[in-house]
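The lines below spell out each chain.
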Amino acid sequence: MKVEIYYLLILGLSILFIYFVGGPVIIFASLIVIFEKCFFSRINVIPGIEFTSLATLLVVLKYGVTTGILFVIFLPLIIPTIINNFIGEKFVLNKDFVMMTIGFGNLVDILCVFIIHFLKDFDIFWIMLTILIFKHTLHNLAGKLKEANFVMDYLEIAIGFLFNLFIVYFFHSFWLFLLAL
């Protein structure tokens, strides 16, 4: 029972942080990350679909490096873990679903914050393309170093690239409008 109270306290402080930083960009980015980590990843039958790259891109372009680093450390790790612990193992169709995701991907997301910051004068499509190449290259390199018989999942890479680039391309004016708010 005491553990649940601590979870509620952390969740409440997390929500206060989101509103403290404020603005529609961080609220939208937070919602899509929470949707991905808590709900979509439970039933994810299509490999490669993720929203963290888009959320990180928007937050860094709007708020800068410091908020971007806090966002990629704080939001994907703490809030989804609390929500997933409340939901439990219900509705899990994805065999790779984990309640808390901490690992090499979090370090890659922090490095992506710096890449986005350095490329902030470019169009968001080209920034997204760059961070997708960077993320997939590092993940595949790490996979090759960890496993002797590592096989790249070309379908997941292709879907990840196409999904994120299509979202950025087809909703380009929406993202620019959101960043201008």
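Before reading further, recall that the structure is shown in the block above.
Quick caveat: nothing in here was measured; it's all calculated off a predicted structure.

Peer 1: Tell me about the packing of helix H3 (residues 52-63) against helix H8 (residues 172-180), and please be specific about residues and values.
Peer 2: Orientation of H3 relative to H8, taken along the N-to-C sense of each, is 40 degrees, at an axis distance of 10 Å. Looking at the two axes, H3 sits oblique to H8. Considering how the two elements wind past one another, H3 and H8 form a crossing that is right-handed. Residues Leu-54, Leu-58, Leu-61 and Lys-62 of H3 form the contact with H8, whose own contacting residues are Trp-175, Leu-178, Leu-179 and Ala-180. Taken together, the residues of the contact of H3 with H8 sort by class into seven nonpolar, no polar and one charged.

Peer 1: Give a description of a nonpolar patch on the surface that names residues and reports values.
Peer 2: A surface patch of nonpolar side chains, amounting to about 890 Å² of accessible area, comprises Leu-162, Phe-166, Tyr-169, Phe-170, Phe-171, Phe-174, Phe-177 and Leu-181. Elements represented by at least two residues in the nonpolar patch include exactly helix H7 (154-170) and H8. Here the element with the most residues in the nonpolar patch is H7; it accounts for four residues. Counting through the fold element by element, Leu-181 comes out in the segment after H8.

Cut-offs and rules
Residues numbered from 1 in each chain as written. Predicted model: local features only at pLDDT ≥ 70, side-chain atom pairs only at ≥ 80, totals over all residues. Heavy atoms only, no water. Axes fitted to C-alpha atoms, helices over the stretch in contact; angles between N-to-C directions. Helix = DSSP H or I, 4+ residues; strand = E, 2+ residues; numbered from the N terminus. Parallel < 35°, antiparallel > 145°, perpendicular 65-115°, else oblique. Left-handed = near helix turned anticlockwise from the far one by under 90°. Contact = heavy atoms within 4.5 Å. Nonpolar A, V, L, I, M, F, W, Y, C, P; charged D, E, K, R; others polar. Patch = residues over 30% accessible without salt bridge, like charges linked within 9 Å, V, L, I, M, F, W, Y side chains within 5 Å. Areas by Shrake-Rupley, 256 points an atom, 1.4 Å probe, with all protein chains shown as cover. Salt bridge = Lys/Arg side-chain N within 4 Å of Asp/Glu carboxyl O.

Structural measurements only, silent on function.
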